[in-house]
Amino acid sequence: MATTTQAVERASVARPSTDTNEPTVRMDAPTRREFMYYIWGASIALLLGQAGAGLLWFVFPRFREGEFGGVFPFNPADLPPVGAAPEWVAAGRFHVSNTENGILALYGVCTHLGCLPKWVASNVRFECPCHGSKFTRDGSYIEGPAPRGLDRFSSTIIFTDGTSAVTDDTGDPIPIPEGKTIAEIRVNTGSKITGPANG
Ligand code: FES
């Protein structure tokens, strides 16, 4: 009998009244089924909350400008002349290299085991202090155990006439067209492009 079962399941709690004229208030404790519903609802709400927080984490940028993983503005005044030693930006862990073919930002971490290759002016190349890998000015592999050339960061060059050029999928240097003046360089350390294959 349903009514009998409910009566057994529900435990009634009577709150004592101090006023003898006041009617007694009865509060029914939740049944086991109701309790399970509450737990189930709370679990679903928690799951949805976590999914929503995860979505927001992906949608909104996680790194501020000038923070590794985000975009670094690079002052064109600091750009080395073509053929000069690349400019090291420690906070962004990249070198800005100005080559005969254009400008590129090289990730400063060796593709072998993660040491930091240094620019050696006397040899006009990057040399890794750990196991001796060597790389050209544009990060191409020369010799050593490194499996490929240095990785690159996607960059955007904005010119004074309002036009701009962006690193393509190869990560090759961005050529500077004749007569254009660079207004701003932006290096995205959150967008790494695998370095060129050896050979
Ligand atoms: S870490 Fe650079 S050569 Fe091994």
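Residues numbered from 1 in each chain as written. Predicted model: local features only at pLDDT ≥ 70, side-chain atom pairs only at ≥ 80, totals over all residues.

Student: So what's going on with the sheet that holds strand β7 (residues 118-120)? Residues and values would help.
Tutor: Read from one edge of the open sheet, 4 strands run β7-β8-β9-β10, paired in antiparallel fashion. The open sheet has two edge strands, β7 and β10 (141-143), and neither has a second partner. The pairing of strand β9 (residues 134-135) with β10 spans 2 bridges and is classified as antiparallel. Bridging from a neighbouring strand, K134 pairs with E143 of β10. (Pairing = 2+ DSSP bridges. Helix = DSSP H or I, 4+ residues; strand = E, 2+ residues; numbered from the N terminus.)

Student: Tell me about unusual backbone geometry, and name the residues and values.
Tutor: With the exception of glycine, most residues fall at negative phi, and the peptide bonds are largely trans. The phi dihedral of R93 falls on the positive side, at around 55°, and the residue is not glycine. Its place among the elements puts R93 in the loop between β4 (87-89) and β5 (94-99). Phi at V124 is positive, roughly 50°, even though this residue is not glycine. Along the chain, V124 turns up in the loop between β7 and β8 (125-127).

Student: Just give me the short version of the pairing of β5, but keep the residues and values in it.
Tutor: Extensive coverage of β5 is indicated by the burial of 5 of its 6 residues. Hairpin geometry of β4 and β5 is characterised by an intervening segment of 4 residues between the two adjacent antiparallel strands and by a positive phi of about 55° at R93. Bridging between β5 and strand β6 (residues 102-107) involves 6 bridges; their strand directions are antiparallel. Its bridge partner being in β6, T99 is matched across the sheet by G102. Linkage of β5 to β6, two consecutive antiparallel strands, is achieved through a turn of 2 residues. (Buried ≥ 20, exposed ≤ 12 C-beta atoms within 10 Å, placed from the backbone.)

Student: I'd love a proper account of the environment of F63, names of residues and values included.
Tutor: You can see F63 is positioned in the loop between α2 (32-59) and β3 (71-74). The class for F63 is partly exposed, based on 13 C-beta atoms found within 10 Å. Sequence-wise, F63 and G190 are 127 residues apart; in three dimensions their C-alpha atoms are separated by 8.5 Å. Apart from the residues within four sequence positions on either side, F63 is in contact with G69, G70 and G190. (Contact = placed C-beta atoms within 7 Å.)

Student: I'd like a rundown of the nonpolar core, residues and numbers included.
Tutor: Of all hydrophobic cores here, the largest spans 22 residues; its most connected members are F94, A105, L106 and V187. By residue number, the principal contributor to this core is β6, which donates 5 residues. With residues up to four places along the chain from it excluded, the contact list for A105 reads F94, V96, R152, F153, S155 and V187. (Core = buried A, V, L, I, M, F, W, Y, C linked by C-beta atoms within 7 Å.)

Student: I'd like a description of the environment of D168, backed by residues and values.
Tutor: Structurally, D168 is set in the loop between β12 (164-166) and β13 (182-193). On the basis of neighbour count, D168 is assigned to the exposed category, with 10 C-beta atoms found within 10 Å. In this structure the C-alpha to C-alpha distance between D168 and S155, which are 13 residues apart in sequence, comes to 9.0 Å.

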